[in-house]
Each structure stands twice: as C-alpha cells, then as structure tokens.
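# Remarks on the overall topology
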2 protein chains.
Amino acid sequence: MSGMGANRVTAAGKVLQVLAVFDREHPSRTLSEIAQCTGLAVSTAHRVVAELASWGALERAEDGSWHVGLRLWEIASGCPRTQILRDAALPFMQDLYEATHENIQLAVREGTELVFVERIAGHRSVELLTMVGTRFPVASTGMGRVLLAHAPREFQEEVLAAPLRAWTPHTVTDPRTLRAQLDLIRREQVFVSDRQLSESTVAVAAPVRTGRAGPVGAALGIVVAARGAERARGLREPLLRAVHGISEELGRRARTAL
Amino acid sequence: MSGMGANRVTAAGKVLQVLAVFDREHPSRTLSEIAQCTGLAVSTAHRVVAELASWGALERAEDGSWHVGLRLWEIASGCPRTQILRDAALPFMQDLYEATHENIQLAVREGTELVFVERIAGHRSVELLTMVGTRFPVASTGMGRVLLAHAPREFQEEVLAAPLRAWTPHTVTDPRTLRAQLDLIRREQVFVSDRQLSESTVAVAAPVRTGRAGPVGAALGIVVAARGAERARGLREPLLRAVHGISEELGRRARTAL
DNA sequence: CGCACCCTTTCCGCCTGACGGAAACGCCCT
DNA sequence: AGGGCGTTTCCGTCAGGCGGAAAGGGTGCG
C-alpha cells in the first residue's frame, strides 16, 4: 500500500514535511514521532533525517531526539522578509523600549495570519504568550487588525467571513464591530486593542510602510499590562514616531538599493 | 555523463544544496544562479525550487529572483540552540544596551567558527560588519577567543595550528601571543579585544555558561568605537554581571525543564 | 522591425536511487 | 531472562527523479 497512491509527496516534499514537524510546541522530536507526523515509513524518515543531519539542518540531542540545527537557522535567518525589516526597525524599537520598558513587537502578515518577526522585552515587561516565529489569526490581535485594515479588500472579506475566535470575554468577534474597528484604524493610524488575546494585556499598534510604494507590510506594537491600561494613551505618540521613522528608513534603503 | 558519477547527491541533499546558496552576500538569486552554484541541471533546479516554493520555503520576488521564504524562517526560528539562548539573554542584553547604548552581541561556537545569534544596536551604536546569522573564524574576534579559551583542547589546537587571518594591522596572528591571550581569558573572564576585526572597533567579551553542567556555550560582547576605547574598561563590570545573570537564568531553565 | 541572446519553463524516455517491509540491534523496565 | 519499544541496517523492486532538448518569453541591439 505504502503512499496510498494520491499522496503526491515528492522527495523535496518529504524533506519539508520532516522540517515542518518542528514548531514552537515541538521544538524537539524523536524519529518515530517524525515518522508518525509525516506519515512516512520509519526507515524513510530515518534516512531523510540522517541526511538532513549530515548537512547540519537537523541536530541530535543527547537523548537521541532531533531538533532544528544551527545551519538551517543560519540560512533562514537571511530571509529578506524578516531581515530587512528587523534591520531597519531595531534601532527604533530600542528607543521605544527605552522610553517605555514594555514589550515592543514587530509582525508581518502572511495571508490571513500574523507572524511575529521580532520582539524586545526586558525584565520589567509583562510575560507574553506570543513568541517570535509564531502565527496568529490576523483578527485576533491589535497588530493583526492594523495589518488587516491596510490589507487588500479580498483578505479583509475573507477574514470577516470566517468565524472569529474569542480568546477572552473581551475579544471582538462580531464582524460588524470589527469592520468598524478597521475603519477607525485607517482613520487614526494608531489602534488600542483592549484584552483581545489575553485578559491581562492591552496593546497599542501602528502600521509600518515597507518599500517605496508605501504598502503596509508590517505592524509595530507595544504591549502593556491591562492594569496599567491608561499608559496606552501616552504611548500613541512615541509609537507613531517610531513607525514613521521605520517606514522612512525602509523607503530610503529600498531607493538606494535600486 | 550527468552528475559525473561520484557526486553522491541524494534528493534531500539537493534540497539543502539549493537552500545553501542563499547566504548573507546573496540573499536573493535567480534560477540559473542556483543551478550554477549547485551544479544541478537547470531543469532539476527549476523543479526543486518550484517544490520548495509551493511549500513556502522559498519565495519569489517581483523580478523573478528567489529568496528564503517566511515559512522556512518560521521553522528555523525555533532552533533551540539559538532560541533558548536568545530568550534567556535578551532581557540582560537590553539592560546592557540601556546602560551603554553600544552594540550588544551574542554568539555561539560551531566547530572552529563563531556564529552571531543576536544583536542589539541603536541609533547611537557604531556600524558593524557582523550580522546576525553570519560566521567568522573563532580566532578573529574577541567573542570568538572567549569561546575558544573555554572550548575543548582539540579545538584550540586545531585553530592554533591553522594560519590566522589578519583583518587589521592589529590582529593577533602569532599563535604564541594568541595562546597567552587564551590563558588570560581563562583567568580574567572578561576580555578586551582591540581592533582585531576592524580598525574602528574595540570589543569587550565574556563567556556565558549554558546548561547546568556549566559548559561555556556562548559569548556576550559589547562593541564600542575604537576612539572611545577607554570606555571599554568601565564595561567589564556590567558585562560580567550580565553574563552571570544569563548563565544563572539558563541554569534555572535547564533545571526546571527536567 | 526583426534578430539574437539569455533566462525560464515544459516535455519525455531512461535508469538510478529512493522506498518501505522486515529483520537485527540496543535499551529500559519488569 | 524476557518482553516491549525505538532505532538502525539491509535489500529487491520500481516509481519518480534526472537532465537533454526544445519551446516560450522578455529585452536590447543592430
């Protein structure tokens, strides 16, 4: 029986299937887990894993389990989508952090999801469940809604049409309310999102324009403890200055790169 | 003739060959470049690239060239070697940055090379040629020498045996001098490296102990402008406090993870 | 305007090297 | 010792990858 016919998994596909089993919940896996998750035969999984390891794309822990290797991290860390953005944004994020000592987050949109690209946090910042490299539905977070508000219509409709998940009792799940929020975001630029993802946090978010054409390709956000929510108001101005700075910097780089 | 026989490139190998052509000097490549660099036939390269792209591991720019995709970045960003370290170190790096406003760098050793894992830099910090995700010979940088000093003998001998590259007129290339430096590092912990990689920078570096056994698995460094070199002295204490904090944090996490 | 060059994409027949079942190995726990 | 589980090795079969070649597309030059 083997692949059951219509599986359509090519050799390259197998490699990626194997790599894809490593995520934030499972940074480390055993061979049989990998075989199980991918549906590959153990012997096949074994060979693929061994090959990847010989390349440094996977590494083996003392206990025999596997995890993503430094070599793959190196290659992927050059990903322009994140690298260019990070580079331009970091100094501004630093300034913001220094002024606020809160979590400063940078994210991009990928389809109808949000991917966190960079985060600055210090000892005094609140603990967050969002980690760099993780995805969330755009509609679920303040930063995501900012991205959504500036995304092509088609995406907005797609997201508004789908049922929205309620993470907390305060999460906006009504499409009409959300649509109104998107309008508000387009008018005011900065958006304050109150306990949408977690009961204990409030986020302030603003759009970053990437490239000279000026499309909104990223969002910058500050996350504060919900009990200090009044802080959020005062963060609008500095946040706005930061996103302008980043957008300008990105524009300058794009121009000189031509 | 095709692969010339002794090529020994398996399917998984081809995928990695293709991915490996993307580095910091070439974040973006055309199909024919990829074929050229890997030695694959264009048609083969085309198929592999297309498959990778269908998975989101590669993405295509408007001009038709290819680059590493967000999906691959996501997977690789979970790499434990960097992720765990980053997580524990960032708050301390933030504090250091705030106290100094200089470049704060975090690196690990991979064989006889140094890989930069994280960096904090603000508007006021000096420009550096070292980027996150890039490699340097361990002997070339202050952070690298700290890692080398605490590495197994075999690596030290291997590095000392090889000819050392001089990046600036001040770069130490004499094995005897270097050996003396390694001794000094083991005694003093903090090491000041004077214009070894670039004429215009001085670095202060210290070892980070990863895991409970206490092996030195990373190094933390501060890079300042060479003209402000006297600053370096004053940075030893705060740097030392930071690496102690990070080491302790890593130890705590390793313990609770068991 | 058309030709020439280069890069990309598609097609296809040959044959290699990937596939997975099975058996051997090693480890831990009982 | 024995059983159970996860890993590693082996090997015969055959699907799917391979690359040469030709078509397609875009750009710049004569």
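Above this text you will find the structure in question.
To start, this report covers the structure provided alongside it. (Residues numbered from 1 in each chain as written. Chains lettered and ligands numbered in written order. Predicted model: local features only at pLDDT ≥ 70, side-chain atom pairs only at ≥ 80, totals over all residues. Heavy atoms only, no water.)

### A few points about the overall build of chain A
- Each helix and strand in chain A was counted, giving 9 helices and 9 strands.
- Overall, the C-alpha framework of chain A stretches about 60 × 40 × 40 Å when taken along its three principal axes.
- The burial tally for chain A puts 54% of its 258 residues in the buried class.
- Within chain A, counting contacts between residues at least 6 apart in sequence, those at least 24 apart form 55% of the total.
- Counting only carbon and sulfur atoms, one obtains 52% of the accessible surface of chain A, whose full area is about 11700 Å².
- A gap of 5 Å separates the mean positions of the 31 positive and 28 negative side-chain charges of chain A. (Helix = DSSP H or I, 4+ residues; strand = E, 2+ residues; numbered from the N terminus. Buried < 20%, exposed > 50% of the residue type's maximum accessible area, 1.4 Å probe, protein only. Contact = heavy atoms within 4.5 Å. Areas by Shrake-Rupley, 256 points an atom, 1.4 Å probe, with all protein chains shown as cover. Lys, Arg positive; Asp, Glu negative; His and termini not counted. Charge placed at Lys NZ, Arg CZ, Asp CG, Glu CD.)

### Considerations on the protein's contact with DNA strand C
- By nearness alone, 14 residues border DNA strand C, and Lys14, Thr44 and Arg47 of chain A together with Ser32 and Arg60 of chain B come closest of all.
- In DNA strand C, the atoms that sit within 4 Å of the protein are 74% sugar and phosphate, with bases accounting for the remainder.
- Side-chain polar atom of Lys14 of chain A to a phosphate oxygen of DNA strand C: 2.5 Å apart, as the coordinates give it.
- Note that a phosphate oxygen of DNA strand C is positioned 3.1 Å from one of the backbone N or O atoms of Ala11 of chain B.
- Residue assignment for the surface near DNA strand C shows that the elements contributing at least two residues are α3 (42-54) of chain A together with α2 (31-38) and α3 (42-54) of chain B.
- Take the surface near DNA strand C: its biggest share by element is 3 residues, from α3 of chain A.
- By residue class, the composition of the surface near DNA strand C is 3 nonpolar, 8 polar and 3 charged. (Near = heavy atom within 4 Å. Polar contact = N/O pair within 3.5 Å; in protein donor to acceptor, adjacent residues only side chain to side chain. Nonpolar A, V, L, I, M, F, W, Y, C, P; charged D, E, K, R; others polar.)

### Focus: the relation of the copies chain B and chain A
- Once chain B has been moved 0.0 Å along the axis and rotated by 180 degrees, it coincides with chain A to within an RMSD of 0.0 Å. Read as a symmetry element, the transformation amounts to a two-fold axis.
- In this assembly, 100% of the residues forming the interface of chain B have copies in chain A that are likewise at the interface, indicating an isologous arrangement. (Least-squares fit on C-alpha atoms with pLDDT ≥ 70 in both.)

### A few points about the protein's contact with DNA strand D
- Neighbouring DNA strand D are 14 residues, the closest being Ser32 and Arg60 of chain A together with Lys14, Thr44 and Arg47 of chain B.
- Here the atoms of DNA strand D within 4 Å of the protein split so that 73% fall in sugar or phosphate, with bases taking the remainder.
- At 3.0 Å, a backbone N or O of Ala11 of chain A approaches a phosphate oxygen of DNA strand D.
- Within the side chain of Ser43 of chain B, an N or O atom sits 2.9 Å from a base nitrogen of DNA strand D.
- Counting residues per element, the ones that place at least two in the surface near DNA strand D are α2 (31-38) and α3 of chain A together with α3 of chain B.

### Comments concerning the packing of aromatic side chains
Residues and elements named next belong to chain A.
- Within the structure shown, the criterion is met by 4 aromatic pairs over all chains.
- Considering the side-chain rings of Phe136 and Trp167, the 5.6 Å spacing of their centres and the 55 degrees angle between planes classify their relative orientation as tilted. With Phe136 in strand β6 (residues 135-137) and Trp167 in the loop between α7 (153-161) and α8 (175-188), this residue pair connects regions lying 31 residues apart in the sequence.
- For Phe136, a relative accessible area of 7% puts it in the buried group. (Phe/Tyr/Trp six-rings, centres within 6.5 Å; stacked < 30°, edge-to-face > 60°.)

### Remarks on the interface of chain B and chain A
- Facing the 59 residues of chain B at the interface are 59 residues of chain A.
- Between chain B and chain A lies a buried interface of about 5100 Å² when both sides are counted; carbon and sulfur atoms form 64% of it.
- Of all residues in chain B, Leu16, Leu70 and Trp73 of chain B give up the largest surface area on contact with chain A, accounting jointly for 13% of the area buried on that side.
- In this assembly, chain B and chain A are joined by 6 salt bridges.
- Inspection of the chain B/chain A interface yields 18 residue pairs in polar contact (both at pLDDT 80 or more).
- Secondary-structure elements contributing two or more residues to the side of chain B that touches chain A are α1 (11-20), α3, β3 (66-68), α4 (70-77), α5 (80-100), β4 (103-110) and β5 (113-120) of chain B.
- At 12 residues, the largest contribution of residues to the side of chain B that touches chain A is made by α5 of chain B. (Buried area = accessible area lost by both parts, 1.4 Å probe. Salt bridge = Lys/Arg side-chain N within 4 Å of Asp/Glu carboxyl O.)

### Some remarks on unusual backbone geometry
Residues and elements named next belong to chain B.
- Look at Gln189: it is not a glycine, yet its phi comes out positive at around 70 degrees.
- Tracing the backbone through its elements, the reader meets Gln189 in the loop between α8 (175-188) and β7 (191-194).
- One non-glycine residue, Arg195, lies in positive phi territory at about 45 degrees.
- Within the fold, Arg195 resides in the loop between β7 and β8 (201-209).

### Structural notes on the sheet that holds strand β8 (residues 201-209) of chain A
- Strand order across the open sheet formed by 6 strands is β6-β5-β4-β9-β8-β7 (chain A), with antiparallel pairing between neighbours. The two strands at the open ends of the sheet, each matched to only one other strand, are β6 and β7 (191-194) of chain A. Sheet twist, expressed as the average angle between the axes of neighbouring strands with direction ignored, equals 35 degrees.
- Note: β7 of chain A against β8 of chain A, 4 bridges, orientation antiparallel. Residue pairing for β8 of chain A: Phe191 of chain A is matched across the bridge by Ala205 of chain A.
- Together, β4 (103-110), β5 (113-120) and β6 of chain A form the strand contacts of α4 of chain B, whose direction differs from that of β5 of chain A by roughly 50 degrees. (Pairing = 2+ DSSP bridges. Axes fitted to C-alpha atoms, helices over the stretch in contact; angles between N-to-C directions.)

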